[in-house]
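Residue-level structural notes
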Amino acid sequence: MIRSIVSSDRLAGAIALVLAATGPVLAEPDAQALFAEHCAACHAENRLGGTGPALIPETLGRMFGPALEKVISDGRPATQMAGFAETLAPEQVAAIARYLETPLAETPRWSVEDANASRDLSADYKAAEAPVFTADPMNITLVVETGDHHVSVLDGDTFEVLDRFATPFAVHGGPKFSPDGRYVFVMSRDGWVQKYDIWSLQVVGQVRAGLNSRNIAMSGDGKWLAVANYLPQTLTILATEDLGVQKIIDVTGSGGVPSRVSAVYQAPPRESFVLALKDLPQVWEVFYGDNPPVQGFAHDYRMEPAIKTTERFPVRKIPVSDIMDDFFFDLSYTNLIGASRDGARGLVLDLDIGKEVAEVDLPGMPHLGSGITWPWNGTTVMATPHLKDPAISVIDMESWKTVKRIETLGPGFFMRSHSNSPYAWADVFFGPNKDKMHIIDKETLEIVKTLDPEPGKTVAHVEFTKDGDEALVSIWEDDGAVIVYDAKTLEEIKRLPMKKPSGKYNVWNKISFEAGTSH
Ligand code: DHE
């Protein structure tokens, strides 16, 4: 009896050995084990990221299927991601890709302690007493290069690259400057917030504020940075001084329903951050000032719970008739326009009284975050592109009526202008005319010129220099460029090679809340 057990054990062992030797042929690849062996050292066993980015559907964005398999096989140029084509069979690569596309079983937590433990302040950083360059610090322009995850720091007069620093993986949204323009903060989709000292041209440090984040907003006093998160469903408040986590606010409605935060916006005159929520018909306002304005606001709000003055970062919850996304604020930060969930209209919310006061006709999924304003015919107009409509809507901000719909060569993503420029620039991000850039006369509301800087290549996003004399345009390709145009003659002045340059951000235009740029 004993003999037979031993011999059957031996048999099982022999079968196991044969299976192991011929594994890829006889059995389905064990994706989890492959991940643990080849990927977890950088991306963490739980896939939430380590030195490499988080690998979960929420952070992979549009990198699915063959695109994901290609990165696993070939690696990513100019990053630490090596290719595994030599080590892994194609079916093993495919199995890992499917595993990465699978949502996590449980929503992970990210506590104040977790976030603070991730904080990494550079030991080499030494704050300079004054800018270490002769360029005008107010005319520095940053270029986010998503091709190899870097930011280039440009002298806005000579367009010389003063520095180029590595960022966390996949930066999204506009970097936010301290009110004096000295420091800038950038955020990656997997929740890392990096602080950079422009005067010293050095990275100060970074902290992981969330696991899957949307964007950041700077408080008017420069003390706090708010981070909007999808995962977990929270708002993280960081101290800008040392990147320490001050508070993580759970975003839940009545009945405990959690909501992702689509975006957080700064509202300096209100001393608040305003939150767009993805899953709740509410707009949240989080006050950071020392005296939250309870008295002035108390009469008409259906607040839940009531603001307590002793609480740090108290929350006001404003119920709205529909889920609202992608906000645009008037210059006084009293009214906000949000896109309705059906992408067909804009809702105007008066933040002072906490009520919707108008509806704006905005079919075709407006991209309000790119909206800009300018004075026109005795009123102020706001112009926004549409992600699903080849048109730009121009809205009167007093009557909230559409003044004009400007037909374009395709749906656009970004718009920009400058108070010293007679023109508004609008890209055509989607479709066959993605290589075009429209120039709109701000008075006649007509397209006066369409630029075609590099046929066949995506041309997008514009930023002006401090005085508005030049406009910088991205050739949004891996081997792309930033083209500098004379903003008056519309002639090309210079072409700077860049790796998939996306957004560009001029210090002065951002900290002075220039009307021609998004905030
Ligand atoms: Fe963005 C800004 C949301 C896809 C590049 N994008 C923003 C902002 C929001 C937003 C709310 C304003 C935040 C801020 O600057 O503080 N973006 C969204 C989406 O919901 C959307 C459609 C889907 C998503 O996957 O998140 C989306 N965005 C994209 C892209 O695919 C873009 C083109 C490439 C990328 O890098 O992901 C892109 N978004 C940008 C850029 C800005 C931005 C460059 C900053 C523009 C600026 O001038 O301030």
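In what follows, the accompanying structure is described. Every chain is numbered on its own, with residues counted from 1 as its sequence reads. Local features in this predicted model are restricted to residues of pLDDT 70 or higher, and side-chain atom pairs are both shown and tallied only at a pLDDT of 80 or more, whereas totals for entire chains, interfaces and linings draw on every residue. With hydrogens and water set aside, each side-chain value is computed from the structure's full complement of heavy atoms.

1. A few points about the overall build of the protein chain
Our working rule: Where helices and strands are cited, they refer to DSSP runs of H or I of at least four residues and of E of at least two residues respectively, numbered from the N terminus. Atoms counted for the radius of gyration: C-alpha only. Globule rule: 2.2 Å times residue count to the power 0.38. Categorising residues by exposure relies on relative accessible area from a 1.4 Å probe, with only protein chains included: less than 20% of the type maximum marks a residue as buried, more than 50% marks it as exposed, and the intermediate range marks it as partly exposed. In this analysis, two residues are considered to be in contact whenever any of their non-hydrogen atoms come within 4.5 Å of each other. His is not counted, nor are the chain ends; Lys and Arg add positive charge and Asp and Glu add negative charge. Charge placement uses NZ in Lys and CZ in Arg. For Asp and Glu, CG and CD serve respectively.
If you tally the helices and strands in the protein chain, you get 10 helices and 33 strands. For the protein chain, whose C-alpha radius of gyration is 25 Å, the value lies close to the compact-globule estimate of 24 Å for 519 residues. Dimensions along the principal axes, computed over C-alpha positions, put the protein chain at roughly 100 × 55 × 50 Å. The buried share of the protein chain, taken over its 519 residues, is 55%. Taking the intrachain contacts of the protein chain between residues at least 6 apart in sequence as the baseline, contacts between residues at least 24 apart amount to 48%. Side-chain charges in the protein chain split into 48 positive and 70 negative, and the spacing between the mean points of these groups amounts to 3 Å.

2. Details of helix H6 (residues 66-74)
How we decide: Our arc is simply the arc of the directions from the helix axis toward the C-beta atoms.
Taken as a whole, H6 has its buried residues at Leu 68, Val 71 and Ile 72. The arc enclosing the buried residues of H6, seen along the axis, measures out at 95°, which places them on a common side. Structural note: H6 exposes Pro 66 and Lys 70 on the side pointing more than 90 degrees away from its buried face. Packing partners of the buried residues in H6 comprise helix H5 (57-60) and helix H7 (90-100). Two residues or fewer after H6 comes Gly 75, characterised by a positive phi angle close to 80°.

3. Regarding the site of the ligand
What counts, and what does not: Near, as used in this document, describes a residue that has one of its heavy atoms within 4 Å of the molecule or strand being considered. For the purposes of these results, a polar contact is taken to be a pair of N or O atoms within 3.5 Å, where, inside protein, one atom must be able to donate a hydrogen and its partner to accept one; residues adjacent in sequence count only when each atom of the pair is a side-chain atom. Residues are grouped as follows: nonpolar covers Ala, Val, Leu, Ile, Met, Phe, Trp, Tyr, Cys and Pro; charged covers Asp, Glu, Lys and Arg; every other residue, Gly included, is treated as polar.
Neighbouring residues of the ligand: 20 residues in total, closest His 172, Lys 176, Arg 189, Arg 214 and His 461. His 461 is positioned such that a nitrogen or oxygen atom in its side chain is 2.7 Å from an oxygen atom of the ligand. Going through the elements one at a time, strand S9 (212-218) and strand S33 (501-506) are the ones with two or more residues in the shell around the ligand. Top contributing element to the shell around the ligand by residue count: S9, with three residues. By residue class, the composition of the shell around the ligand is eight nonpolar, seven polar and five charged.

4. Notes on the coordination of the iron atom of the ligand
The test is simple: Water is not part of the atom set, so a site may look incomplete; the donors themselves are N, O and S atoms within 2.8 Å of the metal, or 3.2 Å for Na, K and Ca.
Here the protein supplies the iron atom of the ligand with just one donor, His 172 (NE2), and that contact is 2.2 Å long. Mapped onto the elements of the fold, His 172 is located in the loop between strand S4 (161-166) and strand S5 (176-177).

5. Some thoughts on the sheet that holds strand S28 (residues 447-451)
Formally: When DSSP locates at least two bridges between a pair of strands, those strands are taken to pair.
Pairing within the open sheet is antiparallel, and its four strands lie in the order S25-S26-S27-S28. One side of each edge strand has no neighbouring strand; the edge strands of this open sheet are strand S25 (415-416) and S28. With four bridges connecting them, strand S27 (residues 437-441) and S28 associate as antiparallel partners. For Ile 439, the partnering residue across the bridge sits in S28 and is Lys 449.

6. What about the packing of aromatic side chains?
In this description, an aromatic ring pair is defined by two values, namely the gap between the centres and the angle between the planes. We count it as follows: Each pair of aromatic rings taken from Phe, Tyr and Trp, with Trp reduced to its six-membered ring, is defined by centres within 6.5 Å and is described as stacked if the planes are under 30 degrees apart, edge-to-face if over 60, and tilted in the remaining cases.
For the coordinates displayed, the defined rule picks out 17 aromatic pairs. Relative to Tyr 196, the ring of Phe 165 lies with its centre 3.9 Å away and its plane at 15°, an arrangement referred to as stacked. One end of the pair, Phe 165, is in strand S4; the other, Tyr 196, is in strand S7 (residues 192-197), and 31 residues separate them in sequence. For the pair Phe 165 and Tyr 196, a shared accessibility class is recorded, and that class is buried. On the basis of an interplanar angle of 90° and a centroid distance of 5.2 Å, the ring pair of Trp 224 and Phe 313 is categorised as edge-to-face.

By themselves these figures say nothing about function.
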